[in-house]
Amino acid sequence: MKKEGKILIVDDDEDILTAGKLLLKRHFSQVSTCNVPEHIPRFINDQHFDAIILDMNFGPGESSGAQGFYWLQKILEIKPESVIIMITAHGGVNVAVEAMKLGATDFIAKPWQNEKVIATVSTAVLLGRSRSETQKLRETNKVLVQASNPASQQNMLGQSQAMQQIQSLIARSAPTEANVMILGENGTGKELVAREIHQQSARAQQVFMSVDLGAISETLFESELFGHKKGSFTGAQQDRVGRLQAADGGTLFLDELGNLPLHLQAKLLTVLEQRKVTPLGANKAIAFNVRVVSATNLSKETLKDEQHFRQDLLFRLNTVEINLPPLRERSSDITLLASHYVDFYAKKYQQQGKGVKQLSDDALAAISSYSWPGNIRELRHAIERAMILSQSEMLTSGDFQLDVPSHVKPSQSASTSKHKVIANQFETTSAEIMLPEELNLEQIEKNAIALALKKHRFNISHTAKELGLTRAALYRRMEKHGL
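Let us look at the structure shown here.

1. Quick word on the environment of Arg 330
Phase 1 of the analysis: Along the chain, the position of Arg 330 falls in the loop between strand 14 (320–323) and helix 13 (334–348).
Phase 2 of the analysis: For Arg 330, a relative accessible area of 3% translates into the label buried.
Phase 3 of the analysis: C-alpha separation for the pair Arg 330 and Ser 368, spaced 38 residues apart in sequence, amounts to 10.0 Å.
Phase 4 of the analysis: If near-sequence neighbours (up to four positions away) are discounted, Arg 330 is found in contact with Leu 157, Gly 158, Ser 160, Met 163, Pro 325, Leu 337 and Ile 376.

Here you go:
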C-alpha cells in the first residue's frame, strides 16, 4: 500500500531520476523529478513536497559538492521547513555530513540500496509532514493572536486623570515579567487592562489565555487548569491539555480570582511556585512558562483577610497592583465612552436600519449624572438598548430610561407588591421593574434578572447564584431580554 507523501528528486543524471522514480512511486503517492537545478524554485513554489532528494554535484567532472551546498541553502531560504536528503557517492560522505550541518536532514550514498532508500525517505516524509503541520499551527496561532489583539477590538478609552495614571502603570509594568493584579468593581474593564498589558509585553505574539474562575466548578478546577489523562476520572475519554500548558509562553489571565475557594487557592499557589503542572492521572510534571495577570472585584480589606484569601498567594500575584476606578469616579470619560459605543452599535445595526445616531444635550446630561452601578458594562448595554429602541436619529434622555422613580404604581397582585418593594430598595428604573397589567412570564423573568443585577451591582456570579442559574444561562437570558 502506498504511503501519503510527495517527493521531489533533483539530479542531472536521467538514469538516477528514472531509477529513483520507479522505486519510490511504488511506495509514495507522488514522485516528481527535476534535471535542471535552476528549476527548483519553480517546483517548490508551485507545490508542497514532504521530502526533497538533492544531488550534491551537477555537470560532468563536478565533485566538490559546492553546487549541492548552494541549492541546499537556496531551498531553505525559500522554504525553511523543507526536509532535504542529499545524494552523494561513497567517497563523498564527509561532504554529505557537512551538508547536514547546513540544514540537510539525511543523505543517500550511491550506488544505493533500495531498502535503505525507502527507509530513509519514509522517515524524511514523516518529518516533513510533521514540520508542515507545525507550520500550519504557527500560522493559525498567529491569526488567533491577531484576532485577540485588543488593537483589533476595543482600545482603552479615557482622558481623565485616573485613566492617565492607569495607562502609566500599564506602560511601566507591561514590559516586565512581573505578575499583575487588577482590582475593581464589575464592569470597569479589568480584562481590557489585562489584554493591554499582554499587548505591550514581550509576549504579545504569544497566546493570551483567559480563565473565568467564577465559571469553573470546584470539581473541574484541576482538569481545566492542569489538564488530565484519558481515564483519569469518569468522563475523561481522551487526554486534555490544561489552560496552564495551553498558555505556555504567553499570558494567563485569571479572572474572578476572588471566587476561588481556599483549598483550591493552595493548589494554584503550589503550581505557580513550582512552575510545573501534573495533569490528573499523569505521573510526570510538565514545566510551563506563563506570565500571570489576575483580576478580582474583592476589596483590599477582603483580600487581606486570611479567612477569604491566602496571603502567600496574594503576595505572589500582586507584584504590581492596578486599581480601576468605577465609572462614577471618572465621570469626565462618560461622554467619550458613550460616543464610542454609539458609533460601534450604529455600525453593528446599520443593516437593520438604525444608522448613525447622535446624543442630544439632555441625553448627555442624563448619562453624565447617572451613577452607573454596573460601570462601563452597564453603560454599553444601555446605549445598545437605546440604539435598538430609538425611533429617531437623536438619542434623548428618554431613550435611556435612567430617571429613578419615586414610587411604582401599586397593584392588587401580591407579586406586583413584592416587586415594588424590591424595586424601591434597589432603585431600578421603572421600565426595568414595572410589571404589566397581565402577568406575562417573559416580562417577569426580565424584571427578576434586572433586579438581581442591580442588587449585586452587576456581579454575574452572584446574580446567577441568586437566580439559580449558571453564568452561561444568565448571559443567554440577558442577551434575550436586552439587559
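2. Quick look at the nonpolar core
Phase 1 of the analysis: One finds Val 211, Leu 213, Phe 221, Leu 225, Leu 244, Leu 252 and Leu 268 to be the most contacted residues of the largest nonpolar core, which totals 30 residues.
Phase 2 of the analysis: Broken down by secondary-structure element, the contributors of at least two residues to this core are strand 6 (180–183), strand 7 (208–212), helix 8 (221–226), strand 10 (251–255), helix 10 (262–274) and helix 12 (311–317).
Phase 3 of the analysis: At five residues, the largest contribution of residues to this core is made by helix 10.
Phase 4 of the analysis: With sequence-adjacent residues up to four places away left out, Val 211 is seen in contact with Ile 216, Leu 225, Arg 243, Leu 252, Phe 253, Leu 254 and Asp 255.
Phase 5 of the analysis: Tyr 341, Ile 367, Tyr 370 and Leu 395 belong to the second-largest nonpolar core, a separate cluster that totals 23 residues.

3. Focus on the packing of aromatic side chains
Between two aromatic rings, the relevant description is the distance of the centres plus the angle of the planes.
Phase 1 of the analysis: Tallied over the entire structure, the rule returns seven aromatic pairs.
Phase 2 of the analysis: Taking the centre distance of 5.0 Å and the plane angle of 85 degrees together, the rings of Tyr 70 and Trp 71 count as edge-to-face.
Phase 3 of the analysis: Ring centres of Tyr 345 and Tyr 349 lie 6.1 Å apart, and the angle between their planes is 15 degrees; this geometry places the pair in the stacked category.
Phase 4 of the analysis: The rings of Tyr 341, Phe 344, Tyr 345 and Tyr 349 are connected pair by pair, giving a single aromatic cluster.
Phase 5 of the analysis: Between Arg 380 and the ring centre of Phe 344, over which it is positioned, the NZ or CZ distance is 5.1 Å.

4. Focus: the side chain of Ser 122
Phase 1 of the analysis: With respect to the helices and strands, the residue Ser 122 is situated in helix 5 (residues 114–147).
Phase 2 of the analysis: Assessed through its relative accessible area of 12%, Ser 122 is described here as buried.
Phase 3 of the analysis: In this structure Ser 122 touches Lys 3 and Phe 28, once residues within four positions along its chain are discounted.

5. A look at a positive patch on the surface
Phase 1 of the analysis: A grouping of Lys 2, Lys 21, Lys 25 and Arg 26 is seen on the molecular surface, where their side chains present a positively charged patch.
Phase 2 of the analysis: Tracing the chain through its elements places Lys 2 in the segment before strand 1 (3–10).

6. A few points about the pattern of salt bridges
Oppositely charged side chains can pair when the atoms bearing their charge come close.
Phase 1 of the analysis: Per the stated rule, a full pass over the model turns up 17 salt bridges.
Phase 2 of the analysis: Arg 328 serves as the salt-bridge partner of Glu 185, at 2.5 Å between the closest nitrogen and oxygen. Within this pair, whereas Glu 185 is found in the loop between strand 6 and helix 7 (190–199), its partner Arg 328 is found in the loop between strand 14 and helix 13, the two being separated by 143 residues in sequence.
Phase 3 of the analysis: Under the relative-accessibility criterion, Glu 185 is labelled partly exposed at 23%.
Phase 4 of the analysis: Residues participating in the shared-partner salt-bridge network are Glu 224, Arg 240 and Arg 243.

Cut-off values and rules
- Residues numbered from 1 in each chain as written.
- Predicted model: local features only at pLDDT ≥ 70, side-chain atom pairs only at ≥ 80, totals over all residues.
- Heavy atoms only, no water.
- Helix = DSSP H or I, 4+ residues; strand = E, 2+ residues; numbered from the N terminus.
- Buried < 20%, exposed > 50% of the residue type's maximum accessible area, 1.4 Å probe, protein only.
- Contact = heavy atoms within 4.5 Å.
- Core = buried A, V, L, I, M, F, W, Y, C linked by side-chain atoms within 4.5 Å.
- Phe/Tyr/Trp six-rings, centres within 6.5 Å; stacked < 30°, edge-to-face > 60°.
- Lys NZ or Arg CZ within 6 Å of the ring centre and 35° of its normal.
- Patch = residues over 30% accessible without salt bridge, like charges linked within 9 Å, V, L, I, M, F, W, Y side chains within 5 Å.
- Areas by Shrake-Rupley, 256 points an atom, 1.4 Å probe, with all protein chains shown as cover.
- Salt bridge = Lys/Arg side-chain N within 4 Å of Asp/Glu carboxyl O.
- Lys, Arg positive; Asp, Glu negative; His and termini not counted.
- Charge placed at Lys NZ, Arg CZ, Asp CG, Glu CD.

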